[in-house]
Amino acid sequence: MKWVGFCVMINEFLGLHMHYKKVVKAACFLIFSVGMILAGGYYQKVIAQTDSTYIQPFSESLSLSPHYDLRKYNLRFRLKGNKYDKSVLYYPTVRNVIGLRAAYKGIVLGFGIRGPRTNFQKENYGRTRYLDFNVKYTSQTGIVVEWLFKYYKSLTDINTPVYTANWQEGDDFYIRDDLGVLYNRFNFSYIFSKEKFSYRSAFDFIEKQKLSAGSFMALASIAYLDVNADSSFITPVLQDQFTNFSDLERLRAFGIGIGPGYVYNYVYRNFSMSVAGFAGMEIQRYNYDRESNQRNVPGLKALPLLGVRTGIGYNGEKYFAGIAGTFDFNFLNVSDLKVSSYYHNIAFLVGIRLAPPKFLRKLDDFEPLNELRR
């Protein structure tokens, strides 16, 4: 029986604190993502035949893996010519995630809960309200789709000690409770050597790469960024450094990018080390608002598109353990204003493969699911 592989990883869909309109938007995006995945299953008529010398699937096993995710996001504003000590660097208080992932027949579902804030975060930073999740879909036909959705409300300028004269430990950081950031990105990748290279082994540990292999990739990406506040989100101390952008209170950008990439998985017995990187060009359309009620004419820019994925671990017949990282870099130039953001998710996981329970085996005969395998 042929299979179209799914890999859906949803991390932390808990603690939703936002305006209902943004909830509706998030729900619409989620419905679109699920629809896209299902459509992919129906329209893939030919399933790639993997080379069993290189790739071993675990189609008859149920894998369970607790995981701990380290997450970080920051957003920097800097005027061209200024050094980084004259920049604003906003940081949301995003807590790490503790979760459990289950995989069967190529379908992977992961759910998590937020861990506690550190003492340093409690003492120095505000309490960020946020929604943060990732969805990933992989196929044996070489298609990989990633969706990164981030919404943060209330951020802290962690550059405060750098530009504030006589700042000492214990002094207040500059916190903006009214500042909101919405970041949404879809990455569509195609792996050319899909018969010999397994993306699901390299970064998800749900297949096994038996011999070292690599592949060129093609990437297409769609992204949207919206930063807004009730007043200028440039720190008052630095507003004279930002000239025409000192009263910036909203910034929006939509980008479409393409580029090449390469991924490689080095294997030694049951141990592996993987890295994927892509670099391309993104065409962005942007506009921004100022406190003076001046709405500027949209502009277009071509900027770099960069991303990295890493994985290292042990992948045995019954047990597996590893570290997988997602690193996302974004750039936006508005005249002399340089905006950049960085996001990473580093997952630590251990797991075991078990015989599936009877009710899962019965699902194999469920006709709607059989349609997805053809």
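Residues numbered from 1 in each chain as written. Predicted model: local features only at pLDDT ≥ 70, side-chain atom pairs only at ≥ 80, totals over all residues. Heavy atoms only, no water.

Caption draft 1: Geometry of the environment of Ile 206. Relative to the assigned elements, Ile 206 resides in the loop between helix 4 (199-202) and strand 9 (207-209). C-alpha of Ile 206 to C-alpha of Pro 57: the two residues are 149 residues apart in sequence and 7.4 Å apart in space. (Helix = DSSP H or I, 4+ residues; strand = E, 2+ residues; numbered from the N terminus.)

Caption draft 2: Seen up close, the nonpolar core. With 32 residues, the main nonpolar core has Phe 77 and Phe 233 as its most contacted residues. Broken down by element, this core gets its largest block of residues, four residues, from strand 2 (residues 62-79). Leave out the neighbours within four places in its chain, and Phe 233 touches Phe 77, Val 88, Tyr 90, Arg 176, Leu 179, Val 227, Asn 228, Leu 248, Glu 249, Arg 250 and Leu 251. In terms of nonpolar packing, the next biggest core, distinct from the first, is built from nine residues, Ile 191, Phe 197, Ala 202 and Met 217 among them. (Core = buried A, V, L, I, M, F, W, Y, C linked by side-chain atoms within 4.5 Å. Buried < 20%, exposed > 50% of the residue type's maximum accessible area, 1.4 Å probe, protein only. Contact = heavy atoms within 4.5 Å.)

Caption draft 3: Structural view of the environment of Gly 255. Relative to the helices and strands, Gly 255 is located in strand 11 (residues 248-268). Measuring from C-alpha to C-alpha, the distance between Gly 255 and Leu 303 comes to 9.5 Å, with 48 residues separating the pair along the chain. In this structure Gly 255 touches Ser 221, Ile 222, Ala 223, Glu 282, Ile 283 and Gln 284, once residues within four positions along its chain are discounted.

Caption draft 4: Just unusual backbone geometry, in detail. A positive phi angle, near 60 degrees, is found at Asn 166, a position not held by glycine. Summarising the element assignment, Asn 166 is placed in the loop between helix 3 (160-163) and strand 8 (174-191). You will see that Phe 205, though not glycine, has its phi angle at about 60 degrees, which is positive. Residue classification places Phe 205 among the buried positions, given a relative accessible area of 0%.

Caption draft 5: Representation of the pattern of salt bridges. Here the structure, examined in full by the defined rule, presents twelve salt bridges. The residue Arg 71 makes a salt bridge to Asp 132 at a minimum N-O spacing of 3.3 Å. Of the two residues, Arg 71 is situated in strand 2 and Asp 132 in strand 6 (residues 129-138); the sequence distance between them amounts to 61 residues. When sorted by exposure, Arg 71 lands in the same class as Asp 132, which is buried. (Salt bridge = Lys/Arg side-chain N within 4 Å of Asp/Glu carboxyl O.)

Caption draft 6: Main features of the pairing of strand 10 (residues 213-228). Direction of pairing for strand 8 relative to strand 10: antiparallel, over a ladder of twelve bridges. By the bridge assignment for strand 10, Tyr 190 is matched with Ala 218. (Pairing = 2+ DSSP bridges.)

Caption draft 7: How the structure looks around the pairing of strand 4 (residues 97-104). Of the strand pairs in this sheet, strand 2 and strand 4 are connected by eight bridges, and their pairing is antiparallel. If you follow Ser 65 over to strand 4, its bridge partner there is Arg 101. Across eight bridges, strand 4 lies against strand 5 (residues 107-114) in antiparallel orientation. Residue Leu 100 lies in a different strand from strand 5, and its bridge partner there is Phe 111.

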